[in-house]
Amino acid sequence: MAVYIFLAVLTALAIFVGYVRLAPSDPARWHVDLAAGNLPANAHVLCIRPDGPYGPIPGDPVAFLTRLDALAMATPRTKRLAGSPAEGRVTWITRSALMGFPDYTTAQIMDGPSLCIAGRQRFGSEDLGVNAARIGTWAQELLGLAKRPEMTGL
């Protein structure tokens, strides 16, 4: 009897892991306009704006977003889901190493000019800070900061 329970649990786990890794990511759901503010309450957001603690975007906003895109694409298990720097908005999907949980990060050029970056997870209500850490690491390198910046919100 214990063997059957073990096999049932193992099968359920395999189905769950398969679903997490293979479920399609719909760009219409995840490549959202950050200016509309339709993000979940647990999203992590950092905005680099002229009146913010990190000052204005240095130089051309599209070139700045292009640099961020290069940083994102160099991040392990990350690929571009939709958009491009030339369009002014890019969404990447980054999967966790062990289970392959997908996290979605969108960066968008906003008025100001500003650049806002929002990260959110697909499954669950808590991401244990991984989206904030990833966004902070990208912003730290992008801005040449000594430490990761705090999330600012939209």
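Up top is the structure.
The numbering scheme is per chain: residues are counted from 1 as the chain's sequence reads. Under the rules for a predicted model, residues below a pLDDT of 70 receive no local features and side-chain atom pairs below 80 are neither given nor counted, while totals for whole chains, interfaces and linings still include all residues. The basis for the side-chain values is all heavy atoms of the structure; hydrogens and waters are excluded.

## With respect to the sheet that holds strand β2 (residues 78-84)
Two modes of strand pairing occur in sheets, parallel and antiparallel, and in both the strands are linked by backbone hydrogen bonds. Reading across the sheet, the five strands line up as β1-β5-β4-β3-β2 and stay open at both edges, with antiparallel pairing between neighbours. Of all strands in the sheet, those with a lone pairing partner are β1 (44-48) and β2, marking the two edges. In this sheet, adjacent strand axes meet at a mean angle of 15° when their direction is disregarded. Pairing between two strands is assigned when DSSP locates at least 2 bridges connecting them. Numbering of helices and strands runs from the N terminus, with a helix taken as a DSSP run of H or I at least four residues long and a strand as a DSSP run of E at least two residues long. Bridge count between strand β3 (residues 89-95) and strand β4 (residues 102-110): seven bridges; the pairing is antiparallel. Across the sheet, the residue bridging to V90 is A107, located in β4. Contacts are residue-level and defined by heavy atoms, with any inter-residue pair within 4.5 Å sufficient. Note on definitions: angles span 0 to 180 degrees between N-to-C directions of axes, and those axes are lines fitted to C-alpha atoms, for helices only across the stretch in contact. This element, helix α3 (residues 61-73), spans β1, β2, β3, β4 and β5 (114-121) of the sheet and lies at about 10° to β3.

## Concerning the packing of α3 against helix α4 (residues 130-143)
Two packed helices can be described by the angle between their axes and the distance between those axes. Interhelical geometry of α3 versus α4 gives an angle of 130° and a closest axis separation of 10 Å. Taken together, the axes of α3 and α4 lie oblique to each other. Read as a crossing pair, α3 and α4 show a hand that is right-handed. Listed contacts from α4 to F64, R67, L68, L71 and A72 of α3 are W138, E141, L142 and L143. The nonpolar class holds Ala, Val, Leu, Ile, Met, Phe, Trp, Tyr, Cys and Pro. Asp, Glu, Lys and Arg form the charged class, and all remaining residues, Gly among them, are polar. The class makeup of the residues in the contact of α3 with α4 is seven nonpolar, no polar and two charged. Angular relationships are summarised with four words: roughly parallel below 35 degrees, roughly antiparallel beyond 145, roughly perpendicular across 65 to 115, and oblique for the angles in between. Working rule for handedness: look at the near helix, and if it is turned counterclockwise from the far one by less than a right angle, call the crossing left-handed; if clockwise, right-handed.

## A closer look at the state of the cysteines
In what follows, a disulfide is any cysteine sulfur pair within 2.5 Å. By the definition in use, this model includes one disulfide. The disulfide that involves C47 links it to C116, with 2.0 Å between the sulfurs. The sign of the 115° torsion about the S-S bond sets the C47-C116 disulfide as right-handed. Residue C47 is found in strand β1, and its partner C116 is found in strand β5; the two are separated by 69 residues along the sequence. Here C47 matches C116 in class, with each residue buried. Buried means the residue's accessible area, taken with a 1.4 Å probe over protein chains only, is under 20% of the maximum for its type, while exposed means over 50%, and partly exposed covers the values in between.

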